[in-house]
Amino acid sequence: MPPLSRDQQLRSPVCPAGTQIVGGGYFQPGSRTGALEKLDAYPSVVENAYLVGVNNTSPSAVDLRVFAICQPMPPAATPHG
């Protein structure tokens, strides 16, 4: 994330076809320098990805990784007749 950036919307890769988002998270690899403010973090069913909103309040760029937890979709119900 760029230095002193506000309202950054980060997203995980989209869950593969046949799966749906059920959770996710984020982490800051390395030395964890820099100040981040988390605004929100949630799974988005519409985008089928995990979304994280953050502010980078430090004068340095910060690396942040976002990941998704995907689960196979249940089989479609078939009518009985």
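Just so you know, these numbers come straight off a predicted model, no measurement behind them. (Residues numbered from 1 in each chain as written. Predicted model: local features only at pLDDT ≥ 70, side-chain atom pairs only at ≥ 80, totals over all residues. Heavy atoms only, no water.)

Before going further, it helps to examine the sheet that holds strand β1 (residues 8-11). The strand order across the open sheet formed by three strands is β1-β4-β3, and the pairing between neighbours is antiparallel. With partners counted over all chains shown, the strands left at the sheet margins are β1 and β3 (36-44), one partner each. The sheet shows a mean angle of 20° between the axes of neighbouring strands, direction not considered. (Pairing = 2+ DSSP bridges. Helix = DSSP H or I, 4+ residues; strand = E, 2+ residues; numbered from the N terminus. Axes fitted to C-alpha atoms, helices over the stretch in contact; angles between N-to-C directions.)

A word on the confidence of the model for the protein chain. Of the residues in the protein chain, 89% have a pLDDT of 70 or more, and the chain-wide mean is 87. Across the protein chain, element-level confidence peaks in strand β5 (residues 65-72) with a mean pLDDT of 95 and bottoms out in β1 with 88. (pLDDT = per-residue confidence, 0-100.)

Quick look at the pattern of salt bridges now. What the rule picks out here adds up to three salt bridges. Its salt-bridge partner being Glu-37, residue Arg-6 comes within 3.4 Å of it at the nearest N-O pair. Linking Arg-6 in the segment before β1 with Glu-37 in strand β3, this pair joins segments that are 31 residues apart in sequence. Put simply, Arg-65 and Asp-63 hold a salt bridge, and the shortest N to O gap is 3.2 Å. Asp-63 sits in the partly exposed class, given a relative accessible area of 38%. (Salt bridge = Lys/Arg side-chain N within 4 Å of Asp/Glu carboxyl O. Buried < 20%, exposed > 50% of the residue type's maximum accessible area, 1.4 Å probe, protein only.)

This part takes up the nonpolar core. With nine residues, the main nonpolar core is built from Met-1, Leu-10, Cys-15, Ile-21, Tyr-50, Val-52, Val-54, Leu-64 and Val-66. Residue contributions to this core peak at three residues, all from strand β4 (residues 49-56). The residues touching Met-1, leaving out its near neighbours within four places in the chain, are Gln-8, Leu-10, Leu-36, Val-54, Asn-55, Asn-56, Ser-60, Ala-61, Val-62 and Leu-64. (Core = buried A, V, L, I, M, F, W, Y, C linked by side-chain atoms within 4.5 Å. Contact = heavy atoms within 4.5 Å.)

Where nonpolar side chains cluster on the molecular surface, the patch consists of Val-22, Phe-27, Phe-67 and Ile-69 and spans about 340 Å² of accessible area. Elements supplying a minimum of two residues to the nonpolar patch: β2 (19-27) and β5. Looking at the secondary structure, you find Phe-67 in strand β5. Overall, the relative accessible area of 36% leaves Phe-67 in the partly exposed class. (Patch = residues over 30% accessible without salt bridge, like charges linked within 9 Å, V, L, I, M, F, W, Y side chains within 5 Å. Areas by Shrake-Rupley, 256 points an atom, 1.4 Å probe, with all protein chains shown as cover.)

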